[in-house]
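The primary structure of each chain is shown beneath.
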Amino acid sequence: MDFSALRNLISRYCAGEENWVDSRTVYIGHKEPPPGAEAYIPQRFPDNRIVSSKYTFWNFVPKNLFEQFRRIANFYFLIIFLVQLIIDTPTSPITSGLPLFFVITVTAIKQGYEDWLRHKADNSINQCPVHIIQHGKVVRKQSRKLRVGDVVRVKEDETFPCDLILLSSSRDDGTCFVTTASLDGESSHKTYYAVQDTKAFNTEEEVDTLHATIECEQPQPDLYKFVGRINIYLDRDEPIARPLGSENLLLRGATLKNTECIYAVAIYTGMETKMALNYQSKSQKRSAVEKSMNAYLIVYLCILISKALINTVLKYVWQADPNRDEPWYNEKTETERQRHILIRAFTDFLAFMVLFNYIIPVSMYVTVEMQKFLGSYFITWDDEMFDEELGEGALVNTSDLNEELGQVEYVFTDKTGTLTENNMEFIECCVDGHVYVPHAICNGQIMPGAASMDMIDSSPGPGGREHEELFFRALCLCHTVQVKEEETVDGIKRGIHQGKATSVYISSSPDEVALVEGMKRLGFTYLRLKDSHMEIQNRDDEIERFELLEVLNFDSVRRRMSVIVKSSTGEYYLFCKGADSAVFPRVISGKVEQVRARVEHNAVEGLRTLCVAYKKLSPAEYEEVCHQLSSAKLALQDREKKLAEAYDSIERDFILLGATAVEDRLQDKAADTIESLHKAGMKVWVLTGDKMETAAATCYASKLFRRNTQILELTTKRTEEQNLHDVLFDLSRTVLRQHGSMTRETLSGLSNEYHDYGLIIDGATLSAVLKPSQEGSGGNYKEIFLEICRNCSAVLCCRMAPLQKAQIVKLIKASKEHPITLAIGDGANDVSMILEAHVGIGIMGKEGRQAARNSDYAIPKFKHLKKMLLVHGHYYYIRISELVQYFFYKNVCFIFPQFLYQFFCGFSQQPLYDTAYLTLYNISFTSLPILLYSLMEQHINMDILKRDPSLYRDIAKNSLLRWPIFIYWTFLGVFDAVVFFFGAFFLFDNTTFTSNGQMFGNWTFGTLVFTVLVFTVTLKLALDTHYWTWINHFVIWGSLLFYIIFSLLWGGIIWPFLNYQRMYYVFMQMLSSGPAWLSIILLVVVSLLPDVVKKVLCRALWPTTTERIQDSDNLYQSHLSEFTSLSTLHAPHRQQKRPDRQNPAPRRTNWCCICANLLLRNTP
Amino acid sequence: MMASSYSAKEEDGHHPGASGAGGAAANGRKPDNTAFKQQRLPAWQPILTAGTVLPAFFAIGLIFIPIGIGLYVTSNNIKEFEIDYTGTDTSSPCFSCYQNFSWNSTLPCKCSLPFSLDQPFESNVFMYYGLSNFYQNHRRYVKSRDDSHLNGNLYSLTHPSKECEPYAHRDNVPVAPCGAIANSMFNDTMELFFVHPNETRSQIPLKRKGIAWWTDKHVKFRNPGGNGDNLTAAFQGTTYPVNWHKPVYELDADPENNGFINEDFIVWMRTAALPTFRKLYRIIEKKSSMTPTLPSGNYTLEVTYNYPVHSFDGRKRMILSTISWMGGKNPFLGIAYITVGSVCFFLGVVLLLIHHKYGNRSSSPDIAS
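These numbers come from a predicted model, not from an experiment.

Participant: Requested: an account of helix α39 (residues 1074-1101) of chain A, with residues and values cited.
Facilitator: Residue and element names in this part refer to chain A. Taking 1.5 Å of rise per residue, 28 residues should cover 40 Å, and α39 covers 40 Å from first to last C-alpha, within 8% of that figure. Of all the bends found along α39, the most pronounced is centred on Leu1089 and spans about 35°, while Pro1090, a proline, follows it within four residues. For α39, the capping residue at the N-terminal end is Ser1073, with a side-chain oxygen 3.2 Å from the backbone nitrogen of Ala1076.

Structure, rendered in structure tokens:
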């Protein structure tokens, strides 16, 4: 013993760091081991605090500022502001400082608020009470104060506060049941085992006497792996060392079920728990629109710099003549003269930068932020996404991604709780071809075969009745269901009589529960397992007892399970149930054909089917079986293999009894939603931790896989037969061949048979595919895999660990098209993928709110995804893309005339517009219309968007922010700017504008250009608006009116405290001149003309789907309002205007009629 | 002008189930059913199609072309005469003045230019001087003024803004009016003589008031210490700009037109937008309805040549122009209106054809979905 301790010591100190990193020693109850046994080396572990927030109170200001100025745009504006502060520039620093300050503050407030919410959420977790054993007593503590080594008491239905090693349980056998639903999505109950030597410690005092240390590995994220060792010191003897495995480890986030209470010791806490390690750090997500915006920004930055450079160079070329540089009427000051030429040139460059800096609109960022923030309220407010049951509507956690909802190409969805309700229901069973359907409202009454529908063969065979009862008994016996008694035995009986379940069935497989419950409704009730006797209450309320002899457990390779029971009459039966493919080959008699037909029928319906078979065993055979099983179980080597062989030899020569069908209830409208997503051009992947069969059945039910979908399997089962390489190449060949023949078929016009593919892959195979192999062919596999996926309309990934889900998402994200991904899930196991995907959506499910909290958006039900994407996503994308393009456009219009003006003012950086106009242009004259547009615009009615998911394809791939469209907008801006400037130039040139002969100055010139600019830019938006609510009217006309009123006021008085009065009466003087009015109207019309013509021509000649639908909808609605009285319902206030029109002319006979018609309709 | 369709929706009709079961699950988070929150506000949904913009195009065409023609005719009826008196040409009478300019000369250089008007100028005639290649819009120049100084603020009078540098102080005495603009005030004087057929000359009376904006003269520009008689005292402690020959209070004998409120000065202080510009100099008022203001015939322009433009290749002009309701001669506006009107009309025709050809196809309802 001393020797081993010494060795321990030596190894610890000599191995140094590495050992420290690899393992940790936990002292249970913080008790030192007996002296001499081992050196007590306290290690420092983090406390049990979960931190998801980003800032603290102290570091908020510097960290937030740092983060904000890391954004290229903010940094740029800061630089501009500093330049304005330092050098003499044409505009005052306020013009850029004020907006920047505003942006920074608004963003900081928003982020601060969001972080405060996270703090609150963290606190509520960190402060929830836990019970710790200290000195033999239970002490209540806050969860965050839990330390490694504390012994914790957890009661039923409580969630484990950290990762624990189970010491003892209130159950006699030292087991406890746990549901890890919120961790990996499996809602079934799993059994965990207490350490053998400690399971007797059943009270606080006893636990407190425990003297032990645990050595275990440092935390790692794999949920299913754990290696450790517990050393128990009893009476100063040599410590007893026991191995610890994952069956002893209770994970944070899992919930204790069906066990009164347990004692366990904390080994990983806080951010070191496996759940926390499975989280990924919440990184800032950027939407595709923001990326395009940044790209545009760089283009504009280049334009800006080149403009400034051109002007600087031209300035010095032009100034080469000293009489131009410094004519007698305009001399420089002495200090200016003495400045070095290079410094002067550089200052000039900066001054030009400042003059033109408005081309990169600081207000765009504010408007985008506001649009996102305010716009997200429409999601929260949406009544159609409100769930009555939960009493909650959609939640928006990050408003940065609203528009990304309109760009989704891949949808990754969790299965359990997301697609399905995780609620199995027994639908029917079929015995020898007779179909039994338990009546839904059975009220405890038995629905015998006579009353149920009989689909196939109505003549019951001679042994029909016997078979039927055997079938029911088989289902009652062949399972691993446990009964949880909520009341006394008495109560159960009463309960059964009333047809209500007061006892609850619990099983690792929800199917089994459904089956047993289904049997109950058909008259056979499984009561309990007592003294290895299973008790069944049959139809005649008699209790039958069967002795349970052997259970041949389910495994996913065999895909069946069996039990061997001995009836009270002494007969041995072997009952087996399993997947049809696993049972049919082993059947030797029974009505195979009828059953098979029924099974296939049910499978197509999306039901989960199981076949039931049996065989009678003679006592001798039973002995043989027993012998086989026990020898296999005792084998030390290849135990698994030997067991499998034994099972294989036992489970054969069955007599088929029948089949069952169980429905995993899909979420409301899940299939419809998935269909819509498919139609909208999205690829839907199901990622689940569940087993393949279950998942596949769900996929069929939810129409992810259709009847004609050809399923490609990439599973462990297949890769065991063939090596991965071959399987992959096979599959890709299949897919590509199909692809090739498809195109040929479409060419020859014979493509009426459309095949689509569905891929099923499991976690193990996936990790093999993704593993970078030594030969360097790993990348290759990945490519092939992606190639296969690309050609599959639906993919199912089963047996996924949480991090694997994220890996898949990452893989798709990183593939060469860089598609936009969306992940949706409801459990903590989905958190990593929710965080990884471009858009993460949480479902406010039963399995806690982990997913909802970490998501970008949370919705109550899966079906709400449809409206979220097809309506909200579509709208936000349309809105924000117009917002971005329009913002650049209006700033080109704004700044380009200034650039042109430099050619006429000796490149002196003279601003064309007054400072007030420069500052307010983006802040108030043109900001509200676009903001409101970006909140209200609906180019197509909501209902049409929902009805016609294919419209989503119109905006796929960021189609409204592509370069050609951007260039179009930019050129439109440049064109308009040229019209403004040269229009005003030629009108102004060398002539009198007034009827009293007086002349206008440069500020009038600028004001004229600016007025045309404001009107054009606002009216351009008005032309783009498709949805004119009173708010749009108010804001568009209101901001034009505001411009006029402001200008009148700004020029109306001599402003005290201002050192210049250059705008005094300029605007009024301009308005008093006839030609100014005429030129404003002319220039506005000329600027708007090309865009209108382009729009109309494109719509007439190359209409997009959206435009067609708009047209037809419009036509439809106008038909309504013209020819039917329905319109009176729709628009009562329009009705009064109509009676004067007795004979509405038919539409589209000739343009005069249209003209007349329109004029009539629009005249108030 | 656009196809419109009002789709006013009843606020409640679109929330199936909400009204019925809503009461039972009354919850704090239950969103309100207002049309605004559900994005179902009644709205006008116009769509720009060939059919709907057609009338607009024709309307613009039909309105713009007549306006354009009207403008063009009006502009053509305006009489304008322009004479360049810079004296760059050796044959020009002002050549010697142009050549021998010196800042220090005390004797004004005078030259007279004969010209003749072919047509009589009927209504009021406005006399402008025009400068070319003179960058009144240079940034350094534009900002080189002090508006509170010009507004008669006594403190600013003696403490001109630093924007006025280097024209703020002369020998440490504050300059009034300060700044480059004031310093470079145009100071040629022009007189107009009608040469009768019998070679006698009669001077044409030039009105020097009403050439500046009323608001400028009466509000924006004020003499220090009110418009009292004693301007000399008001400007005590200041000196006149370096390029001037006389102090600001000697600009005119009329106290209503002297000092900062001298209209020539105010006109000059309104900086021009472009390097070639004209400024109103004098007005020749029509005296009687019988005789034209300026009958056709020979005239002489007498110029006191004080203003040097040689150094920056500038040009000086004198312009005589009549004015209509739409201002001076400006054919561009009329032509632009006619052009735009025609283009719109033409586009209207093109769109009509397109609409006729494609309209039925693109807007038939069965294409939907």
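Participant: Describe the UniProt feature "transmembrane region" (unreviewed entry) in chain B, listing the residues and the values that go with them.
Facilitator: The feature "transmembrane region" (unreviewed entry), as annotated in UniProt, sits at residues 47-73 and 332-354 of chain B in this numbering. End-to-end, the C-alpha atoms of residues 332-354 of chain B are 32 Å apart, and along that stretch the chain is 100% helix and 0% strand.

Participant: Help me get a handle on the interface of chain A and chain B, residues and values and all.
Facilitator: Contacts between the two partners involve 122 residues from chain A, matched on the other side by 121 residues from chain B. Summing both partners gives a buried area of about 10700 Å² for chain A against chain B, and 59% of it is carried by carbon and sulfur. Three residues, Trp328, Tyr329 and Trp381 of chain A, lead the burial of chain A against chain B; their summed loss comes to 8% of the area buried on that side. One can count two salt bridges joining chain A with chain B. Residues Glu384 of chain A and Arg40 of chain B are paired through a salt bridge, measuring 3.3 Å at the closest nitrogen-oxygen approach. Here chain A and chain B share 35 residue pairs in polar contact (both at pLDDT 80 or more) between them. Here the side of chain A that touches chain B gets 16 residues from one element, more than from any other, and that element is α39 of chain A. Classifying every residue of the side of chain A that touches chain B gives 58 nonpolar, 41 polar and 23 charged.

Participant: Describe in detail the sheet that holds strand β1 (residues 23-27) of chain A, supporting the description with residues and values.
Facilitator: All names here are of chain A. The strand order across the open sheet built from four strands is β1-β8-β9-β10, with neighbouring strands paired in antiparallel fashion. Since the sheet does not close on itself, it has two edges, and those belong to β1 and β10 (240-244), each with one partner. Sheet twist, expressed as the mean angle between neighbouring strand axes with direction ignored, is 20°. Bridge count for β1 against strand β8 (residues 212-217) is five bridges, and the pairing is antiparallel. Looking across to β8, one finds that Val26 is bridged to Ile214.

Participant: Residues and numbers for the domain arrangement of chain B, please.
Facilitator: Domains assigned within chain B are domain 1 (57-78 + 332-356) and domain 2 (80-322). Each of domain 1 of chain B and domain 2 of chain B has a C-alpha centre, and these two points are 41 Å apart.

Participant: So, the pairing of strand β5 (residues 163-169) of chain A: which residues are in play, and what are the values?
Facilitator: All names here are of chain A. Of all seven residues in β5, seven are buried, a share of seventy percent or more. Where β5 and strand β13 (residues 261-268) come together, six bridges link them in antiparallel fashion. In the strand pairing of β13, Ser169 is matched with Ile262. As defined by bridge partners, β5 adjoins strand β11 (residues 249-250) across two bridges and the pair is classed as antiparallel. By the bridge assignment for β11, Leu164 is matched with Leu250.

Participant: Pulling in residues and values, what's your account of the sheet that holds strand β3 (residues 137-142) of chain A?
Facilitator: Within a sheet, each strand pairs with its neighbour through backbone hydrogen bonds, oriented either parallel or antiparallel. As summarised here, the arrangement of the six strands in space is β3-β2-β4-β13-β5-β11 (chain A), forming an open sheet in which the pairing is antiparallel. Whereas interior strands pair on both sides, the edge strands pair on one side only; in this sheet they are β3 and β11 of chain A.

Participant: So what's going on with the confidence of the model for chain B? Residues and values would help.
Facilitator: Residue and element names in this part refer to chain B. For chain B, the average pLDDT comes to 84, and 87% of its residues sit at 70 or higher. Long-range and interchain partners of residues 1-28, a stretch whose pLDDT sits below 50, account for 59 contacts in this model, where long-range means more than four residues apart. Overall, residues 362-369 carries pLDDT values under 50, and its contacts beyond four positions in sequence, including any with other chains, amount to 16 contacts. Among the prediction metrics, the complex's ipTM stands at 0.91, with pTM recorded as 0.79.

Participant: How would you explain the UniProt feature "domain: P-type ATPase C-terminal" (unreviewed entry) in chain A if you had to name every residue and give the values?
Facilitator: Per the UniProt entry, the sites bearing "domain: P-type ATPase C-terminal" (unreviewed entry) are residues 852-1104 of chain A in this numbering. As a span, residues 852-1104 of chain A carries 69% helix and 1% strand, and end to end its C-alpha atoms are 37 Å apart.

Participant: Outline unusual backbone geometry, listing residues and values.
Facilitator: Cis geometry marks the peptide bond from Glu165 of chain B to Pro166 of chain B, where omega comes out at 0°. You can see Pro166 of chain B is positioned in the loop between α6 (154-158) and β4 (169-170). Cis geometry marks the peptide bond from Ala176 of chain B to Pro177 of chain B, where omega comes out at -10°. The residue Pro177 of chain B is located in the loop between β5 (173-174) and α7 (180-183) in this model. The phi torsion at Asp541 of chain A lies on the positive side, around 60°, for a residue other than glycine. Following the sequence through the fold, Asp541 of chain A ends up in the loop between β21 (533-537) and β22 (543-555). If you check the backbone angles, Asn133 of chain B has positive phi at about 60° while not being a glycine. The topology assignment puts Asn133 of chain B in the loop between β3 (125-132) and α4 (139-142). The exposure class of Asn133 of chain B is partly exposed, given its relative accessible area of 24%.

Participant: Let's hear about the side chain of Thr300 of chain B: which residues, and what values?
Facilitator: All names here are of chain B. The residue Thr300 is located in strand β9 (residues 297-305) in this model. Judged by its relative accessible area of 9%, Thr300 falls in the buried class. Beyond its immediate chain neighbours, meaning those up to four positions away, Thr300 contacts Ser112, Leu113, Pro114, Phe115, Glu191, Leu192, Phe193, Val195 and Arg201.

Participant: I'd like a rundown of the pattern of salt bridges, residues and numbers included.
Facilitator: Opposite charge on two side chains permits them to pair, given that their charged atoms come into close proximity. Considering all chains together, one arrives at 51 salt bridges over all chains under this definition. In this structure, the salt-bridge partner of Lys867 of chain A is Asp382 of chain A, at a minimum N-O distance of 2.7 Å. With a gap of 485 residues between them, Lys867 of chain A in helix α31 (residues 864-902) and Asp382 of chain A in the loop between α13 (362-381) and β14 (395-396) connect regions that are remote in the sequence. Two residues, Glu80 of chain B and Arg278 of chain B, come together in a salt bridge whose shortest N-O distance is 3.3 Å. Of this pair, Glu80 of chain B sits in strand β1 (residues 80-84) while Arg278 of chain B is found in strand β8 (residues 277-284), placing the two residues 198 residues apart along the sequence. Using a relative accessible area of 28% as the deciding quantity, one classes Glu80 of chain B as partly exposed. Overall, Arg278 of chain B belongs to the buried group, its relative accessible area being 4%. Because the salt bridges share partners, they merge into one network encompassing Asp382, Glu384, Lys867, Asp943 and Lys946 of chain A together with Arg40 of chain B.

Participant: Account for the environment of Thr276 of chain B, with residues named and values stated.
Facilitator: Summarising the element assignment, Thr276 of chain B is placed in the loop between α10 (263-269) and β8. Here Thr276 of chain B falls in the partly exposed class, since its relative accessible area comes to 29%. C-alpha separation for the pair Thr276 of chain B and Gln136 of chain B, spaced 140 residues apart in sequence, amounts to 9.0 Å. Residues within four places of Thr276 of chain B in sequence aside, it is in contact with Asn990 of chain A together with Leu131, Ser132, Asn133 and Arg317 of chain B.

Participant: I'd love a proper account of a nonpolar patch on the surface, names of residues and values included.
Facilitator: All names here are of chain A. Nonpolar side chains collect at one region of the surface, where Met370, Phe373, Leu374 and Tyr377 lie side by side and expose about 310 Å² of accessible area between them. Along the chain, Phe373 turns up in helix α13. On the basis of relative accessible area, Phe373 is assigned to the partly exposed category, the value being 32%.

Participant: So what about the state of the cysteines? Which residues, and what values?
Facilitator: All names here are of chain B. Under the defined criterion, the tally for this structure stands at three disulfides over all chains. Paired by a disulfide, Cys97 and Cys109 hold their sulfur atoms 1.7 Å apart. Note on the Cys97 and Cys109 pair: the S-S dihedral is about -80°, so by sign convention the disulfide is left-handed. Taken as a pair, Cys97 in helix α3 (residues 95-99) and Cys109 in strand β2 (residues 109-117) lie far apart in primary sequence, 12 residues in all. Among the residues examined, Cys109 registers a relative accessible area of 25% and is labelled partly exposed. The side chain of Cys164 participates in a disulfide bridge whose partner is Cys178; the two sulfur atoms lie 2.0 Å from each other. Within this pair, whereas Cys164 is found in the loop between α6 and β4, its partner Cys178 is found in the loop between β5 and α7, the two being separated by 14 residues in sequence.

Definitions and limits used
- Each chain carries its own residue numbering, running from 1 in the written order of its sequence.
- Just so you know, chain letters begin at A and ligand numbers begin at 1, following the order they were written in.
- Only residues with pLDDT of at least 70 are given local features in this predicted model, and only at 80 or more are side-chain atom pairs given and counted; all residues enter the totals for whole chains, interfaces and linings.
- Heavy atoms throughout the structure, all of them, feed into the side-chain values; hydrogens and water do not.
- A run of DSSP states H or I qualifies as a helix once it reaches four residues; a run of E qualifies as a strand once it reaches two. Both are numbered from the N-terminal end.
- Working rule for helices: expected span equals 1.5 Å times residues minus one.
- Two axes are fitted around each residue, one to the seven residues ending there and one to the seven starting there, and the angle between them is reported as the bend at that residue.
- Any pair of nitrogen or oxygen atoms within 3.5 Å is treated as a polar contact; in protein, a donor-acceptor pairing is required on top of that, and neighbouring residues in sequence qualify only through side-chain atoms on both sides.
- UniProt positions are given in the numbering used here, feature names are shortened, and annotations may be inferred rather than shown by experiment.
- Here, residues are in contact when the closest pair of their heavy atoms is within 4.5 Å.
- Once two parts are put together, the accessible area they lose, assessed with a 1.4 Å probe and summed over both, is termed the buried area.
- Salt bridge, as used here, is a side-chain nitrogen of Lys or Arg placed within 4 Å of a carboxyl oxygen of Asp or Glu.
- Three residue categories are used. Nonpolar comprises Ala, Val, Leu, Ile, Met, Phe, Trp, Tyr, Cys and Pro, charged comprises Asp, Glu, Lys and Arg, and polar comprises the others, including Gly.
- Pairs of strands are assigned from DSSP output, requiring at least two bridges between the strands.
- Between N-to-C directions, angles span 0 to 180 degrees; the directions come from axes that are lines fitted to C-alpha atoms, helices contributing only their stretch in contact.
- An automatic or database domain assignment is the source of the domain bounds shown.
- For every residue, the accessible area obtained with a 1.4 Å probe (protein chains only) is divided by the maximum for its type, and the residue is called buried under 20%, exposed over 50%, and partly exposed between those limits.
- Known as pLDDT, the predictor's confidence for each residue is given on a scale from 0 to 100.
- Residues enter patches when their relative accessible area tops 30% and they take part in no salt bridge; the joining distance is 9 Å for like charges and 5 Å for the nonpolar side chains Val, Leu, Ile, Met, Phe, Trp and Tyr.
- Residue exposure ignores everything except the shown protein chains as possible cover, and the areas themselves are Shrake-Rupley values with a 1.4 Å probe.
- Two cysteine sulfur atoms make up a disulfide if the distance between them is within 2.5 Å.

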